[in-house]
Amino acid sequence: MAHIYDRVALIGLGLIASSMFWAMKRKGLAGEVTGFARSAETRHIAREIGLCDVVYDDIREAVRGADLVVLCVPVGAMGPVMAQIADVLAPGATVTDVGSVKKDVIEKIIPHLPEGVHFIAGHPLAGTEHSGPRAGFAELFDNRWCLLVPVAGSDPAAIARLRSFWEGIGSNVEEMDADHHDLVVAVTSHAPHLIAYTMVGVADDLSRVTDGEVIKYSAGGFRDFTRIAASDPTMWRDVFLTNKEATLEILGRFTEELFALQRAIRQGDGDHLFDYFTRTRAIRRGIIEAGQDTDAADFGRGVGRKP
Ligand code: NAP
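Here the structure is a predicted model, which means the values were calculated and not measured.

Reading the values: rules and limits
- Residues numbered from 1 in each chain as written.
- Predicted model: local features only at pLDDT ≥ 70, side-chain atom pairs only at ≥ 80, totals over all residues.
- Heavy atoms only, no water.
- Domains from an automatic or database assignment.
- Contact = heavy atoms within 4.5 Å.
- Buried area = accessible area lost by both parts, 1.4 Å probe.
- Helix = DSSP H or I, 4+ residues; strand = E, 2+ residues; numbered from the N terminus.
- Buried < 20%, exposed > 50% of the residue type's maximum accessible area, 1.4 Å probe, protein only.
- Near = heavy atom within 4 Å.
- Polar contact = N/O pair within 3.5 Å; in protein donor to acceptor, adjacent residues only side chain to side chain.
- Areas by Shrake-Rupley, 256 points an atom, 1.4 Å probe, with all protein chains shown as cover.
- Core = buried A, V, L, I, M, F, W, Y, C linked by side-chain atoms within 4.5 Å.

Focus on the domain arrangement of the protein chain
Taken domain by domain, the protein chain consists of domain 1 (5-176) and domain 2 (180-267). Taking only C-alpha atoms, the centre of domain 1 and the centre of domain 2 are 29 Å apart. On the domain 2 side, the residues contacting the 16 residues of domain 1 number 15 residues. Roughly 1200 Å² of surface becomes buried between domain 1 and domain 2 when both sides are summed, with 66% attributable to carbon and sulfur atoms.

Structure follows, in structure tokens:
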């Protein structure tokens, strides 16, 4: 495949940036990929494993001359990072980000955006509970959605180019406005993470009473919560600090539903429980039919599978 960008700069070299790098290399989407990470340790690891063609110790050197700059840092760091690089961005370059929240990131980046530089916010809906430069793999974005959030005045040609780039990386691409994005991900990702954090916290409190049995006998449901609750604390702290409104709206609805289910249990209302669980089961089927997960038992972990 011909290059889509001549020089791509990845700022922040964790799970998402490293996966983008390997996916770009797989398809030859960029002439050269430069990188920068905050800590000397991450830069050292990146050099050791060949993550990026050149890793710079200076963020401004990493973005100089880039025609695409991808901000892959936690949401709360987007504004400060943009402030550091704004005056070395080349006219005509595109800046994008991969942050999990869009309205707040856009508000923090726009004030620093120089004349002649395009900004198109983005969010690949793909990830794992692992983080850091070693966590990435080329297939992370295959057949996953990447949401692009153009801002007022975004150049259509720059949007089309970024769309081709994400398609080259393996994603399906959709455009969305920032408010809608933040509400959708509050339902599909942010509130579920908070619920998993809470459930694991409750079990942890209980395990002090039951002397480790929660860990010893952990079965499917709880184990899946622990996987989600192992996600990066900095990233998720920032998500909840910046997607406050939408997350609180969804948690309000969640609490109401939880109370209704609690009442059904107390009153022995089996019909309510059965109907509810039938409805939710159909959602799981829909996700599998849309190709967004496997229907293998136990998420394909292989436990209990016949040899
Ligand atoms: P990650 O693996 O933890 O990597 C984060 C990178 O950002 C690291 O290189 C880190 O540098 C750097 N960084 C952290 N704080 C910084 C700061 N204050 N200033 C400058 N650099 C800083 O994170 P990730 O999972 O790739 O996530 C990156 C972004 O993608 C986040 O905005 C997240 O919301 C979004 N996202 C994540 C997922 C997911 O499932 N993980 C999915 C979609 C989108 P050091 O290594 O030097 O500390």
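Here we look at the environment of Gly132
Following the sequence through the fold, Gly132 ends up in the loop between strand E6 (118-124) and strand E7 (145-150). Classification of Gly132 as partly exposed rests on a relative accessible area of 21%. Considering only alpha carbons, one finds Gly132 and Gly286, 154 residues apart in sequence, at a separation of 32 Å.

Observations concerning the site of the ligand
Taken together, 26 residues lie around the ligand, and Arg38, Ser39, Thr42, Val73 and Ser100 are the ones closest in. The separation between an oxygen atom of the ligand and a polar side-chain atom of Arg38 is 2.7 Å. Gly132 is positioned with one of its backbone polar atoms (N or O) 2.8 Å from an oxygen atom of the ligand. Alone, the ligand offers 910 Å² of accessible surface; in the complex the protein occludes 84% of this.

Considerations on the nonpolar core
Soluble globular proteins tend to bury their nonpolar side chains together. Grouped together as the largest cluster of nonpolar side chains are 38 residues, with contacts concentrated most on Leu10, Leu13, Met20, Met24, Phe165, Trp166 and Ile169. Secondary-structure elements contributing two or more residues to this core are strand E1 (5-11), helix H1 (15-27), strand E2 (30-36), strand E4 (68-71), E7 and helix H6 (156-169). Among the elements that line this core, the one with the most residues is H1, at seven residues. Those residues in contact with Met24 that lie beyond four places of it in its chain are Val8, Leu10, Leu29, Ala30, Val33, Phe165 and Ile169.

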